[in-house]
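Examining the three-dimensional arrangement
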Amino acid sequence: QVQLVESGGGLVQPGGSLRLSCAASGSIFSIDAMAWYRQAPGKERELVASSGGSTNYADSMKGRFTISRDNAKNTVYLQMNSLKPEDTAVYYCNADVRQRWLSVRNTFWGQGTQVTVSS
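Cut-offs applied
- Residues numbered from 1 in each chain as written.
- Predicted model: local features only at pLDDT ≥ 70, side-chain atom pairs only at ≥ 80, totals over all residues.
- Heavy atoms only, no water.
- Core = buried A, V, L, I, M, F, W, Y, C linked by side-chain atoms within 4.5 Å.
- Buried < 20%, exposed > 50% of the residue type's maximum accessible area, 1.4 Å probe, protein only.
- Helix = DSSP H or I, 4+ residues; strand = E, 2+ residues; numbered from the N terminus.
- Contact = heavy atoms within 4.5 Å.
- Disulfide = S-S within 2.5 Å.
- Lys, Arg positive; Asp, Glu negative; His and termini not counted.
- Salt bridge = Lys/Arg side-chain N within 4 Å of Asp/Glu carboxyl O.
- Polar contact = N/O pair within 3.5 Å; in protein donor to acceptor, adjacent residues only side chain to side chain.

1. Remarks on the nonpolar core
Counting residues in hydrophobic clusters, the biggest one holds 30 residues, and the most contacted among them are W36, V48, F65, L78, M80 and Y91. Of all the secondary structure elements, the ones that give two or more residues to this core are strand 1 (2-7), strand 3 (18-26), strand 4 (28-39), strand 5 (46-51), strand 7 (65-70), strand 8 (75-80), strand 9 (89-99) and strand 11 (113-117). With 5 residues, the single largest contributor to this core is strand 9. Contact partners of F65, with chain neighbours within four places excluded, come to R38, V48, Y57, L78, Q79, M80, N81, L83, D87 and Y91.

What follows is the structure, given as structure tokens:
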């Protein structure tokens, strides 16, 4: 009953920028936290940044990536600057959601958006 949809991925040259967005919709009572993960070919999925009571970043993204949220729109953004080839991955958003008719909190994932950094 909850859907997350990412957008904003694409092909960018090294040093370039992209802004990803992810909007949550469905039977939502509240969202406690939203986050971005990424998975590169042959690698495990890793946390990029999270936004709940505070914001957190993986060390390799600090100073380059910025996570932000628009709570009224149930949307999270990831501004990515100074992109490097090693940033190439499928980027996924997730959200810890309290659903409207349930008393528990569940985690939902988007379908992912491809980011490719290459000349």
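2. Re the state of the cysteines
Counted by the stated rule, this structure contains 1 disulfide. Sulfur-sulfur distance for the disulfide between C22 and C93 comes to 1.8 Å. With C22 in strand 3 and C93 in strand 9, this residue pair connects regions lying 71 residues apart in the sequence. Owing to a relative accessible area of 0%, C22 belongs among the buried residues under this scheme.

3. Quick word on the side chain of E6
Mapped onto the elements of the fold, E6 is located in strand 1. Despite its burial, E6 remains without a salt bridge, the nearest opposite charge being carried by R45 at 7.6 Å. A distance of 2.9 Å separates the side chain of E6 from the backbone nitrogen of Q111, its partner in a polar contact. There is a polar contact of 2.9 Å between the side chain of E6 and the backbone nitrogen of G112. Sequence-distant contacts of E6, that is, excluding residues within four places in its chain, are made with S21, C22, W36, Y91, Y92, C93, G110, Q111, G112 and T113.

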